[in-house]
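Here are the chains, one letter per residue:
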Amino acid sequence: MTVGIIRAMAALAMMTGLAGCIDHANDPVLLAVGVPVNPPAVAHGLCMTDGNAMYDEARKQYQLRAQLTGYTGADELEAETTARAAAHRQYVACLSGQGYRTLYAN
């Protein structure tokens, strides 16, 4: 009986620990450089909004350039790659403006 309770508690502790890892698996760790203006959660939210806006704008600009130049090889993968890169650059630039440096686990 005691062994079963200990095993159940160990399994619960392990699941709780793993749940904490899963929730924030791909989020960057924000390291303060100097004196940041906003807390990390606020800066992350602001800069994610900027990154999302840049993603939309980059996709729109890619499609417009493809139309204007008559580029027939414009494909969805290239548009997605270009937009993601632009969004990431905007996110990192915004965070550095807020006083943070990003550190990714992978």
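As shown above, the structure is provided for reference.
The rules behind these values
Residues numbered from 1 in each chain as written. Predicted model: local features only at pLDDT ≥ 70, side-chain atom pairs only at ≥ 80, totals over all residues. Heavy atoms only, no water. Salt bridge = Lys/Arg side-chain N within 4 Å of Asp/Glu carboxyl O. Helix = DSSP H or I, 4+ residues; strand = E, 2+ residues; numbered from the N terminus. Buried < 20%, exposed > 50% of the residue type's maximum accessible area, 1.4 Å probe, protein only. Core = buried A, V, L, I, M, F, W, Y, C linked by side-chain atoms within 4.5 Å. Contact = heavy atoms within 4.5 Å.

Peer 1: Explanation requested: the pattern of salt bridges in the structure shown.
Peer 2: If charged atoms from side chains of opposite charge come close, those side chains can pair. Tallying each qualifying case throughout the model produces four salt bridges. Between Glu57 and Lys60 there is a salt bridge; the shortest N-O distance is 3.5 Å. Residue Glu57 and its partner Lys60 are located together in helix α2 (residues 40-69), separated by three residues, close to a single helical turn. The exposure class assigned to Glu57 is partly exposed, which follows from its relative accessible area of 34%. Owing to a relative accessible area of 47%, Lys60 belongs among the partly exposed residues under this scheme. Here Arg59 ties to Glu76 by a salt bridge, and the two come within 1.9 Å at their closest N and O atoms. Within this pair, whereas Arg59 is found in helix α2, its partner Glu76 is found in helix α3 (residues 76-98), the two being separated by 17 residues in sequence. On the accessibility criterion, Glu76 (48% relative accessible area) is partly exposed. Each of the salt bridges in this network shares a partner with another, and the network as a whole consists of Arg59, Glu76, Glu80 and Arg84.

Peer 1: Would you mind showing me how to read the nonpolar core here?
Peer 2: One broad trend across soluble globular proteins is that nonpolar side chains are buried collectively. By size, the foremost hydrophobic cluster in this structure holds seven residues: Leu30, Ala43, Cys47, Tyr91, Cys94, Leu95 and Tyr100. The set of elements that each furnish at least two residues to this core consists of α2 and α3. Sorting elements by how many residues they give to this core places α3 first, with three residues. Excluding its chain neighbours within four sequence positions, the residues that come into contact with Cys94 are Cys47 and Asp50.

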